[in-house]
Amino acid sequence: MAAISASTYPAAGVSPFSQRRATSSYGGIRNLSRILAVSTERGGRGTGFGENGKHEKQKLNQKVVKEESEVKPNIYANPEKIPEFEEDKKWLKDYFEECKELIRSDGGPPRWFSPLECSSSTSPDCPLLLFLPGIDGTGLGLIMHHHKLGKMFNVWCLHIPVQDRTPFNELVKIVERTVRSENYRSPNRPIYLVGESIGACLAISVAARNPDMDLVLVLSNPATSFSQSQLQPLIPLLEMMPDQFPINLPYILSNPLRVLMDNVVKRGPLPQIIGELSQDLATMSSYLPVLADIVPRQTLLWKLNLLKSGSACGNSCLHAVKAQLLILCSGRDQLLPSQEESQRLQKALPDCEIRMFEESGHFLFLEDNVDLVTIIKGASFYRRGKHFDCASDFMPPTPSEFKKLHDSISWVLTATSPVMLSTLEDGKVVRGLAGIPSEGPVLFVGYHMLMGFEVIPLVAQIMMERNILVRGIAHPAMFVRVKDRRPPEPELSDFDVIRVMGAVPVSAANFYKLMSSKSHALLYPGGVREALHRKGEEYKLFWPDKSEFVRMAARFGAKIIPFGVVGEDDFAEMIDIERSSSYFIWDVSLIFQIILDYNDLMKIPWRREEIERVTSRTAKLRTDASGEIANQQMHIPWVLPKFPGRFYYYFGKPILTEEMKVELREKKKCDEMYLHIKSEVEGCIDFLKNKREKDPYRNLLSRVLYQASHPGSTSPFHLPSFDL
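Throughout this description, residue numbers start from 1 for each chain and increase along the sequence as written. Totals for whole chains, interfaces and linings use all residues, but because this is a predicted model, local features are given only for residues with pLDDT of at least 70 and pairs of side-chain atoms are given and counted only at 80 or more. Based on all heavy atoms of the structure, the side-chain values leave hydrogens and waters out of the count.

You'll find the chain entered in an unreviewed UniProt entry as Serine aminopeptidase S33 domain-containing protein, with Gossypium davidsonii given as the organism. UniProt positions are given in the numbering used here, feature names are shortened, and annotations may be inferred rather than shown by experiment. Listed in UniProt under the heading Sequence similarities (unreviewed entry), the comment for the chain reads: "Belongs to the diacylglycerol acyltransferase family."

Visitor: Quick rundown of helix 6 (residues 198-209)? Include the residues and the values.
Guide: The end-to-end C-alpha separation of helix 6 is 17 Å, in line with the 16 Å expected for 12 residues at 1.5 Å each. Within helix 6, 11 of the 12 residues are buried, which leaves it mostly tucked inside the rest of the structure. Burial here depends on accessible area, computed with a 1.4 Å probe over protein chains only, as a share of the maximum for the residue type. Under 20% is buried, over 50% is exposed, and the range in between is partly exposed. Only DSSP runs of H or I with at least four residues qualify as helices, and only runs of E with at least two residues qualify as strands; both kinds are numbered from the N terminus onward. Every buried residue of helix 6 is accounted for by Ile198, Gly199, Ala200, Cys201, Leu202, Ala203, Ile204, Ser205, Val206, Ala207 and Ala208. If you follow the buried residues of helix 6, they end up packed against strand 4 (128-132), helix 5 (168-185), strand 6 (191-196), strand 7 (215-220) and helix 11 (297-316). Any helix carries an expected span of 1.5 Å times its number of residues minus one. Here a residue-residue contact requires only that any non-hydrogen atoms of the pair lie within 4.5 Å.

Visitor: Outline the packing of helix 14 (residues 399-416) against helix 15 (residues 455-466), listing residues and values.
Guide: Here an angle of 0 to 180 degrees is reported between the N-to-C directions of two axes, which are lines fitted to C-alpha atoms, with helices fitted over the stretch in contact. The interhelical angle for the contact between helix 14 and helix 15, taken along N-to-C directions, is 125°, at an axis separation of 11 Å. Of the possible angle classes, the one that applies to helix 14 and helix 15 is oblique. The two elements helix 14 and helix 15 meet at a crossing, and its hand is left-handed. From helix 14, Phe402, His406, Ile409 and Leu413 reach across to helix 15, where they touch Ile456, Pro457, Ala460, Met463 and Met464. Amino acids are sorted into nonpolar (Ala, Val, Leu, Ile, Met, Phe, Trp, Tyr, Cys and Pro), charged (Asp, Glu, Lys and Arg) and polar (every other residue, Gly among them). Residue composition of the contact of helix 14 with helix 15, grouped by class: 8 nonpolar, 1 polar and no charged. For classification, angles of less than 35 degrees are called roughly parallel, those exceeding 145 degrees roughly antiparallel, those between 65 and 115 degrees roughly perpendicular, and all remaining angles oblique. By the definition used in this description, the sense in which the near helix is turned from the far one sets the handedness, with an anticlockwise turn below a right angle giving left-handed and a clockwise turn giving right-handed.

Visitor: Now, about the pattern of salt bridges: what can you tell me, with residues and values included?
Guide: For this analysis, a salt bridge means a side-chain nitrogen from Lys or Arg found within 4 Å of a carboxyl oxygen belonging to Asp or Glu. Enumeration according to the criterion identifies 25 salt bridges in this entry. Among the ionic pairs, arginine 355 bridges to aspartate 496, the shortest N-O distance being 2.7 Å. Pair noted here: arginine 355 is in strand 9 (residues 352-357) and aspartate 496 is in helix 16 (residues 496-500), with a separation of 141 residues, a long-range link. Each of the two residues, arginine 355 as well as aspartate 496, counts as buried. Between glutamate 658 and lysine 661 there is a salt bridge, and its shortest N-O distance comes to 3.7 Å. Three or more residues joined by partner-sharing salt bridges are found here, namely Lys148, Asp371, Lys377 and Glu401.

Visitor: Give me the environment of serine 227: which residues, what numbers.
Guide: Turning to its location among the elements, serine 227 is positioned in the loop between strand 7 and helix 7 (234-240). Residues serine 227 and lysine 308, spaced 81 residues apart in sequence, show a C-alpha to C-alpha distance of 7.3 Å. Excluding its chain neighbours within four sequence positions, the residues that come into contact with serine 227 are Gln232 and Ser311.

Visitor: Any chance you could break down helix 5 for me, citing the residues and the numbers?
Guide: Counted at 1.5 Å a residue, the expected span for helix 5 with its 18 residues is 26 Å, and the 26 Å between its end C-alpha atoms agrees. Among all positions of helix 5, only Phe168, Leu171, Val172, Ile174, Val175, Glu176, Thr178, Val179, Ser181, Glu182 and Asn183 are buried.

Visitor: Provide a residue-level description of the environment of leucine 688, including the pertinent values.
Guide: Among the secondary structure elements, leucine 688 is positioned in helix 22 (residues 667-691). A residue is classified by how much of its surface remains accessible, and leucine 688, at 0% relative accessible area, is buried. Expressed as a C-alpha distance, the spacing of leucine 688 and phenylalanine 647, which sit 41 residues apart in the sequence, is 9.6 Å.

Visitor: Report on unusual backbone geometry, specifying residues and quantitative values.
Guide: Along the chain, glycine 440 connects to proline 441 via a cis peptide bond; the corresponding omega equals 5°. Tracing the backbone through its elements, the reader meets proline 441 in the loop between strand 11 (429-431) and strand 12 (442-446). Phi at serine 197 is positive, roughly 45°, even though this residue is not glycine. Looking at where serine 197 falls in the secondary structure, it is placed in the loop between strand 6 and helix 6. Here the phi dihedral of serine 417 falls at roughly 35°; this positive angle occurs in a residue that is not glycine. Inspection of the secondary structure assignment puts serine 417 in the loop between helix 14 and strand 10 (419-423). Taking the relative accessible area as the measure of exposure, serine 417 reaches 1% and is therefore buried.

Structure representation (structure tokens):
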């Protein structure tokens, strides 16, 4: 771990530096040099990198540049072979091992440390993340996330020694001094405060005292609900008990054991689970004394009183909090009523979002299936400046993130067995995606199938075959939280996965940023009207009259690729409504046929009122448009799953706007190009509709039989189809 220099008060550190060994001013701290280093300099502000540090930093920068310039293999090509977790990820046992050394230090004062695995790869422009620990106070609560956080943040962790008795208001001042100091050094960069339980109360209090500062709070199971928890009655009980009476907090001792069992059970098949569980339980038994050392009786009593004062302080200043908040809430929290508290805080705080983890316990960050980096990215909470920039702040999905997405949709890919065709520059149509340019900017322009279902295989296959991330330009409803949400309005968290994969809200500014950053962007001019088409409107384009995207694409010399998609949309048929007793909502894991479309639903009074209410609360697009494209009514058609058909994609010949920059400045030429692109998309659809009739494997049963007789042909993208 890298060191953080100290100012007059050790925990008010203001600057990281490259020293890796600790001095001996705090007794016993020398033994911690393997996992952290804490500077005890009191002579003012740290001086940053010394001469050796400068050379190390230069070498690091040269190494990063070299790695970025090298051509890397496509790590997304075989998702099934991607490890579920990164190689350098730490585990629960690492938490206990490092706690064993950390709790041997002296009784104070609280101090900051920076994990070594975070400091080695952090870019200079990364924002600062301050971790404020929960009831354990060790500061190691994010140990399972350090390997990924270090690529996005400069991470400092607050360590509160076991014997330390700093009151809550002094802890607030410690954090506040650091926040103000770092904000002074980098006023245009946000500061992240990640706190769990009591640490969340600290973060809220600091944010309330600094409403004009750019702070982003990520709070896990805030202890602002302490007055309603099962912990509060323990305070008088502990005060009455004699010192000789052996007592420890049973929930704290049992919860990590449950976390361990849950983590192991989620890792693999039964024989592997049994082996790992028996081994880990034996290891865990040796860590039970560590748990007792982290919160001995007197420390436990002190921490409970700290929780009480922290909860009172946090609740008293909620009205003053202006920071951006993300609350992580556990459904099986045995210490605090976190679900109810998250709802209360969301109503009390102006800019607050919630992410729910139904099967998780209180110690959320110590569970295998919880990935803090993915959560932050999915909520669009990662930014380096005052505002989120979809180009410069975007962090591509990691291999493990893509693997989770692929695993969740693998059966969909198997059911639809997508056929991908593309066109080379000489006009030759080929199987696969060789015709898609590697260098951007590239703009895919195409047809939206029912409910946009075609996006899933499209993005996945381009990533696997060409190592290209296609960034969708999506409706703002997938990015803006709706207050007082009522069904059928979706939760904002329902769209986290598309944000992790790089989708951005549709706007001229975001389109400009994607093109200027040479991205591969995906645009559907038909938008909601096309994706929520009515019965009998399959494969019909609903494009606006104005040429919205041509001029911007030409400005950056983008390659425009018109494409078409067909599936079984045209097999949607009327079904007697009495055959369905359920109200079906949008679910990307199914393939649908329409029962009641928009026209049918508007004839039902209560449904009409619901559609009008949802539409009125949704961001308006194309307000100056007329005709059918202006009818962007937000509704969910009543649908039923149907027998899945095969999907066919045809990417037309790339249109090179670089050669037409000058002439496309004229409105007439732009309109002509726009109509040409629309005609190309329609041509792609007609081509596929004709070709699929000659596909002997169009039917799901025929594809299943082929795979059964050809064991090596497991990829749904590589099954045979029609002749070109």
